[in-house]
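Here is what each chain is made of, one letter per residue.
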Amino acid sequence: MKLIFEKSMPGRRGVQTTRSDVGETINIKKEFLRDKPAEITELSELDVVRHFTQLSRLNFGVDTSFYPLGSCTMKYNPKVAERIASYPGFAHLHPLLPQLRGGGMLTQGALAVLYEMDLLLREITGMAGFTMQPLAGAHGELTGIMIMAAYHRDKGNKKTTVLIPDSAHGTNPASAAIAGYKVATVASTDKGVMDVNALKTVLNDEVAGLMLTCPNTLGLFDPNIKEICDLIHSVDGLAYYDGANLNAITGKARPGDFGFDIVHINLHKTFATPHGGGGPGAGPVGVMGKLVDYLPVSIVVKRDDGTYALEYDRPKSIGYIAPFYGNFAVILRAYVYILMLGREGLLRVAENAVLNANYIRVKLRECFESAVDTPCMHECVFSPSKKMLETDVHAIDVAKALIDRGFHPPTVYFPTTVKEAIMIEPTETESKETLDAFIEAMKDIADTAQSEPEKLKNAPLSTPVCRPDETAAAKNLDLAYLNPARLLREE
Ligand SMILES: *Cc1c(COP(=O)(O)O)cnc(C)c1O
């Protein structure tokens, strides 16, 4: 109910205000009243429009240029998903509305979206059930590992350790540690995938499970996943699939079919919500049948009469891991995206993600050093060539020089298993023209490293601040030159 203050009359003890919708009178004590009007900047509409337009132009995003940030899937997300997520019937729903009586007719649509999304994600991953609650990929990992712990507790298993390959995403060991497990690292082979022999040496009855990022941070699909899952199961461990990079395999292959027990997906990467900037995400977690009882509460169920309801009576559940039902608008965007693309479209997502990465891999391997010279999935990793390193040009210089050429830098110095790593994820939404322009820029940087290496050492030259001292920039953050107030017309 909106409070509308219609008129205020200064009184002896304060102010009497009439709430127009109920005609009720509220007394505000004198000590709470201002003695002069609030100092609110008064601006014309034009000033405000210019201010925010200028701010938006300071931003670099996928909508302005190519953003090949490895492991982050900075792809273009169709605006229709934004549009539908902003429909008032969805956007104005309050999470405390009752499910049926009164507000029921208002919430049934949202519950249907959550319910059907569960079914769609089951189909895409081969899992038996999902929770939509986790608010990010890393949050999904934590949820998954808590489910793993609940399973072992229930069975009376004494498990202490989670195994994680050295090519995993950095959040994996952090999630396992926060859930209370020791982390043991499994080395990779020189081909960049998990060393199965190394796995056998660390495998014992204390192992609660394994977390596998697949495709891994080198963009490689692990060819031994079936054997790896069997090994983990042989000690009653659970196999966890970090599916943040699902755009590489969606529609093509399903973690549930490989033998994984738990999976998380980053809806904000693969399905129509941009990643990064600390914005809202969604990391739904799917599990195989024996783990469904441990999923967080609540779960959306469909009743016999066709209506939807939230079910809380789940005694084995790990409980709440987020308020309400997850980042609903992110889930809704993913729902729109999946229905819009359909099976054929999702297959093309995976095909184009892999094709684009391999196009770059093959075109750039003559002037950069490939981390592994085998076909990749959705991303490829290079290092500067020996010739570049001889002129003292490093991964950081390549990244900064790309800014002068109009591109967002790739991820650099990650994965840590590759020296001077430059990790490029072009994503499926970029055209051949854009990829070619990027490849030309990278080749130009390789040439400049030979002819005028000092130019690269000082890049970027085209931005308001050139090469910052990154430690100082983080420690003594000074945004004065970006001060929005300066962009406003002076009085
Ligand atoms: C991005 C990513 C994550 C973490 O996801 P957040 O939403 O940033 O927490 C985990 N694993 C992999 C492989 C990723 O690429």
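If you're wondering where the values come from, they're calculated on a predicted model, not measured in any experiment. Counting restarts for each chain, with residues numbered from 1 along the sequence as it is written. Only residues with pLDDT of at least 70 get local features here, since the model is predicted, and only at 80 or more are side-chain atom pairs given and counted; chain-wide, interface and lining totals rely on the full set of residues. Excluding hydrogens and water, the side-chain values take into account all heavy atoms of the structure.

## Quick look at the domain arrangement of the protein chain
Interface size is commonly expressed as the accessible area that is lost once the parts come together.
Then step 1. Taken domain by domain, the protein chain comprises domain 1 (2-57), domain 2 (79-340) and domain 3 (345-465).
Then step 2. A C-alpha centroid distance of 31 Å is found between domain 2 and domain 3.
Then step 3. Every contact between the two is made by 25 residues of domain 2 and, on the other side, 23 residues of domain 3.
Then step 4. Accessible surface is computed with a 1.4 Å probe, and the buried area is the amount of it that two parts give up when combined, taken over both parts together. Note on domain 2 versus domain 3: buried area summed over both sides is about 1,800 Å², and carbon and sulfur give 65% of it.
Then step 5. Among the residues of domain 2 in contact with domain 3, Thr 217, Leu 218 and Asn 247 are the three that bury the most area, contributing 31% of the side total.
Then step 6. A side-chain nitrogen of Lys or Arg and a carboxyl oxygen of Asp or Glu constitute a salt bridge if their distance falls within 4 Å. Across the contact surface, domain 2 and domain 3 share one salt bridge. Each domain's extent is set by a domain assignment, obtained either automatically or from a database. Contact criterion: two residues are considered in contact whenever any of their non-hydrogen atoms come within 4.5 Å of each other.

## Here we look at a nonpolar patch on the surface
Then step 1. Only residues whose relative accessible area exceeds 30% and that form no salt bridge are eligible for patches; like-charged ones are grouped when within 9 Å, while nonpolar side chains (Val, Leu, Ile, Met, Phe, Trp, Tyr) are grouped when within 5 Å. All accessible-area figures derive from a Shrake-Rupley calculation using a 1.4 Å probe, and residue coverage is judged against the displayed protein chains alone. Residues Ile 28, Phe 32 and Leu 33 make up a contiguous nonpolar surface patch of roughly 270 Å² in combined accessible area.
Then step 2. Each helix corresponds to a stretch of at least 4 residues labelled H or I by DSSP, and each strand to a stretch of at least 2 residues labelled E; elements are numbered beginning at the N terminus. If you trace the backbone, Leu 33 turns up in the loop between strand E3 (24-29) and helix H1 (45-58).
Then step 3. A relative accessible area of 33% places Leu 33 in the partly exposed class. Working definition: with a 1.4 Å probe on protein chains only, accessible area under 20% of the residue-type maximum means buried, over 50% means exposed, and in between means partly exposed.

## Observations regarding helix H6 (residues 171-178)
Then step 1. The set of residues buried in H6 consists of Asn 172, Ser 175 and Ala 176. Burial along H6 is one-sided: seen end-on, the buried residues are contained in an arc of 95 degrees.
Then step 2. Elements in contact with the buried residues of H6: helix H5 (137-155), strand E5 (161-165), strand E6 (182-186), strand E7 (207-213) and strand E8 (238-243).
Then step 3. Looking one or two places after H6, you find Gly 180, whose phi comes out positive at around 100 degrees. The directions considered for the arc are those from the helix axis to the C-beta atoms.

## Structural notes on the environment of Phe 260
Then step 1. Mapped onto the fold, Phe 260 is located in the loop between helix H9 (255-258) and strand E9 (262-265).
Then step 2. Owing to a relative accessible area of 1%, Phe 260 belongs among the buried residues under this scheme.
Then step 3. Phe 260 sits 211 residues away from Thr 471 along the chain, and the two C-alpha atoms are 41 Å apart.
Then step 4. In contact with Phe 260, not counting residues within four places along its chain, are Met 127, Leu 212, Ile 225, Cys 229, Ala 239, Tyr 240, Tyr 241, Pro 255 and Met 288.

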